[in-house]
Amino acid sequence: MTVREIKENELNELLELYIHLHETGVPEQNEKLAKTWETIINDMNHHIIVAEENGKIVSSVVCVIIPNLTRNVRPYAFIENVVTHGDYRKQGYATACLNYAREIAKRENCYKMMLLTSAKTADTLNFYKKAGYNCTDKTAFIQWL
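All values derive from a computational prediction rather than experimental measurement.

1. Topic: unusual backbone geometry
Positive phi is not limited to glycine here, since Asn72 has a value of about 60°. Of note, Asn72 is situated in the loop between β3 (56–66) and β4 (76–84). Positioned with a positive phi, Asn81 is a non-glycine residue whose angle comes to about 55°.

Printed below as a string of structure tokens:
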């Protein structure tokens with residue numbers, strides 16, 4: 001297994017992986033997608049971490065470092081889009097991606113990492129707890145737009 005940040009030419013492979021997250025298909029290749037990808041890939045605070053097995057991206061985590069004016073002007077990290085291809089689950093790929101994200105957050109002097117999940121299954125919630133996250137310190141609210 002290799003864990004690393006995504007390369008600019010791997011967008012299509014990432015989008016295929018996202019079908020295993022909650023997407024129903026790959027977005028249309030258009031100018032909006034291209035501009036969004038360009039923004040993400042050029043943002044030094046936006047990290048898309050991938051786990052690769054035999055040349056195939058099988059898991060990914062997004063880690064965004066958010067500058068902050070509190071906590072002694074220390075940033076925090078936000079984790080999103082944790083996904084593993086269905087054929088590769090429960091083999092440590094997502095854990096490796098989350099560990100890589102933690103190292104980025106430490107390197108950037110973040111004071112905390114946050115992660116939201118829509119999952120309600122005990123397996124998924126226990127996975128995040130084993131990865132070091134807790135669900136007791138904060139309460140999350142979401143407003144869908």
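2. A few points about the pattern of salt bridges
Applying the stated criterion across every chain, the model contains five salt bridges. With a closest N to O distance of 2.7 Å, Glu10 and Arg4 form a salt bridge. Per residue, the accessibility class of Glu10 equals that of Arg4, and both read buried. Salt-bridge contacts for Lys90 lead to Asp123; the nearest nitrogen and oxygen are separated by 3.2 Å. Of the two residues, Lys90 sits in the loop between β4 and α3 (93–107) while Asp123 sits in helix α4 (residues 122–130), which places them 33 residues apart along the sequence. Look at Asp123 and you get exposed, because its relative accessible area is 54%. Here the residues in one salt-bridge network are Arg4, Glu10 and Glu52, joined through shared partners.

3. Looking at the nonpolar core
Judged by nonpolar contacts, the single largest core of 21 residues is most densely connected at Val61, Cys63, Ile79, Val82, Leu98, Leu115 and Tyr133. Those elements that place two or more of their residues in this core are β2 (46–53), β3, β4 and α3. Ignoring sequence-local partners within four residues, the contact set of Tyr133 consists of Ile79, Leu98, Met113, Leu115 and Tyr128.

4. Quick look at the side chain of Ser59
Tracing the sequence through the fold places Ser59 in strand β3. Its relative accessible area of 0% is what places Ser59 among the buried residues. For Ser59, the side chain forms a polar contact with the main-chain oxygen of Val83, separated by 2.9 Å. At 2.8 Å, the side chain of Ser59 and the side chain of Thr84 are in polar contact. Look past the residues within four positions of Ser59 in its chain and what remains in contact with it is Leu17, Ile49, Val50, Ala51, Val83, Thr84, Tyr93, Ala94 and Cys97.

5. Some remarks on the environment of Gln29
By secondary structure assignment, the location of Gln29 is in the loop between α1 (11–18) and α2 (31–41). Placed 68 residues apart in sequence, Gln29 and Cys97 show a C-alpha to C-alpha distance of 27 Å. The contact partners of Gln29, leaving out residues within four places of it in the chain, are Asn12 and Leu15. Within the local environment of Gln29, its side chain forms a polar contact with the side chain of Asn12, the two groups lying 2.7 Å apart.

6. Structural notes on the packing of aromatic side chains
Applying the stated criterion across every chain yields a total of three aromatic pairs. The interplanar angle of 80° and the centroid separation of 5.9 Å between the aromatic rings of Tyr88 and Tyr93 together place this pair among those described as edge-to-face. If you follow Lys112 out to its NZ or CZ, it ends over the ring of Tyr76, 5.5 Å from the centre.

Basis of the calculations
- Residues numbered from 1 in each chain as written.
- Predicted model: local features only at pLDDT ≥ 70, side-chain atom pairs only at ≥ 80, totals over all residues.
- Heavy atoms only, no water.
- Helix = DSSP H or I, 4+ residues; strand = E, 2+ residues; numbered from the N terminus.
- Salt bridge = Lys/Arg side-chain N within 4 Å of Asp/Glu carboxyl O.
- Buried < 20%, exposed > 50% of the residue type's maximum accessible area, 1.4 Å probe, protein only.
- Core = buried A, V, L, I, M, F, W, Y, C linked by side-chain atoms within 4.5 Å.
- Contact = heavy atoms within 4.5 Å.
- Polar contact = N/O pair within 3.5 Å; in protein donor to acceptor, adjacent residues only side chain to side chain.
- Phe/Tyr/Trp six-rings, centres within 6.5 Å; stacked < 30°, edge-to-face > 60°.
- Lys NZ or Arg CZ within 6 Å of the ring centre and 35° of its normal.

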